[in-house]
Amino acid sequence: MLETITLEQLNSRDAMMTRVDRKYLIRHSHLELLLDGLPAGTRVLDIAGTTRQRYTTVYYDTPDLRCYHDAAYRRRLRFKVRTRTYEDTGVSFLEVKTKGPRGVTVKQRTLVDATPASWLTHSLGGRLREGDVDKLAPVLTNTYRRMTLSPPDAGRATIDTDLTWTSGSTLEGLDLVFVETKSTATPSSIDRLLWSRGHRPVSVSKFGCGMAALHPELPAGKWTRTLNRHFERTTSHA
């Protein structure tokens, strides 16, 4: 059994707001093997007495789905806007993710309030005009359970299970585990463990793949191979 770490301890060790992300998709049958092979000294985040926290993420986009199309075609000034609720504590954040130099992800966030437009405009750094910020609207809701690991070396890793996506219809029940490592440019010990198990980073996005799977009329872009291998574009109405 892994020793636990608190959120305060994890953030004091490394807040990881600017990082290199590597994403992996594995089957549920591979998860236990991965956990059994974790390096000695790895700790798991404990919040409110649980190590598998419940998350609800709502993604926002413009009426013409600029965020989706920018991400699908790897456009340079792409960005992502979402709210994230930590269901076990009830805390909600408004988050903006942008791509910096050399593929580095920069995340900014603030507690959800009633007037986020000025904060959003500033955080987007000119990617969206102030008048267009008000046009952002919810397009996709994603829920899951997350385990956060803190290995003995730098960085961290998250493991997401029980994934569901809703956007008009609902996609759920896939044999799918999202693993994401967050580190400096140097791969972490968990990256090396995944590689030794035959897993390699893939191009995947909960937002992008969820939208493409639930809306087959959208171009899949860079996620085509991932969708064909791991997702089913057949859905049930919510």
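Model, not experiment: these values are computed from the prediction.

Trainee: An account of the overall build of the protein is needed here, citing residue identities and associated values.
Mentor: Secondary structure summary: the protein contains eight helices and twelve strands in total. Once the C-alpha set of the protein is aligned to its principal axes, its extents read approximately 50 × 40 × 35 Å. With 238 residues in all, the protein has 49% of them scored as buried. Put simply, 66% of the contacts in the protein that link residues at least 6 apart link residues at least 24 apart. Split by element, the accessible area of the protein, about 11,700 Å² in all, is 51% carbon and sulfur. Where the 36 positive side-chain charges of the protein centre and where its 26 negative ones centre are 7 Å apart.

Trainee: Please provide a residue-by-residue account of the nonpolar core, values included.
Mentor: Residues Tyr68, Trp165 and Phe231 are the most contacted members of the largest nonpolar core, which totals 40 residues. Only strand 4 (53–61), helix 3 (66–72), strand 5 (79–86), strand 6 (91–99), strand 8 (137–150), strand 9 (156–167) and helix 7 (206–214) provide two or more residues apiece to this core. Of the residues forming this core, the biggest block, six residues, is contributed by helix 7. Aside from chain neighbours lying at most four places away, what touches Trp165 is Leu140, Thr141, Asn142, Thr170, Leu171, Leu174, Leu176, Phe178, Lys206, Gly210, Leu214 and Phe231. In terms of nonpolar packing, the next biggest core, distinct from the first, is built from 16 residues, Leu35, Val44, Leu149 and Ile159 among them.

Trainee: How would you explain the environment of Lys80 if you had to name every residue and give the values?
Mentor: With respect to the helices and strands, the residue Lys80 is situated in strand 5. Judged by relative accessible area, Lys80 falls into the buried class, the value being 19%. Each C-alpha atom, one on Lys80 and one on Tyr59, is 7.7 Å from the other, the two residues being 21 residues apart in sequence.

Trainee: Can you break down the confidence of the model for the protein residue by residue, with the values?
Mentor: Model confidence for the protein is summarised by a mean pLDDT of 88, while 91% of its residues fall at 70 or above. In this model, residues 234–238 is a region of pLDDT below 50 whose contacts with residues beyond four sequence positions or in other chains number twelve contacts.

Trainee: Describe unusual backbone geometry, listing the residues and the values that go with them.
Mentor: In this structure, Leu65 is a non-glycine residue whose phi angle is positive, near 55 degrees. Relative to the helices and strands, Leu65 resides in the loop between strand 4 and helix 3. Positive phi, normally seen in glycine, also occurs at Asp162, with a value near 55 degrees. Counting through the fold element by element, Asp162 comes out in strand 9. The class for Asp162 is partly exposed, based on a relative accessible area of 45%.

Trainee: Could you give an account of the pattern of salt bridges, with specific residues and numbers?
Mentor: Applying the stated criterion across every chain yields a total of twelve salt bridges. Here Arg75 makes a salt bridge to Asp70, at a shortest N to O gap of 3.0 Å. With a relative accessible area of 41%, Arg75 lands in the partly exposed category. Across the salt bridge formed by Glu180 and Lys182, the nearest N and O atoms sit 3.4 Å from each other. Each member of the pair Glu180 and Lys182 is classed as buried.

Conventions we followed
Residues numbered from 1 in each chain as written. Predicted model: local features only at pLDDT ≥ 70, side-chain atom pairs only at ≥ 80, totals over all residues. Heavy atoms only, no water. Helix = DSSP H or I, 4+ residues; strand = E, 2+ residues; numbered from the N terminus. Buried < 20%, exposed > 50% of the residue type's maximum accessible area, 1.4 Å probe, protein only. Contact = heavy atoms within 4.5 Å. Areas by Shrake-Rupley, 256 points an atom, 1.4 Å probe, with all protein chains shown as cover. Lys, Arg positive; Asp, Glu negative; His and termini not counted. Charge placed at Lys NZ, Arg CZ, Asp CG, Glu CD. Core = buried A, V, L, I, M, F, W, Y, C linked by side-chain atoms within 4.5 Å. pLDDT = per-residue confidence, 0-100. Salt bridge = Lys/Arg side-chain N within 4 Å of Asp/Glu carboxyl O.

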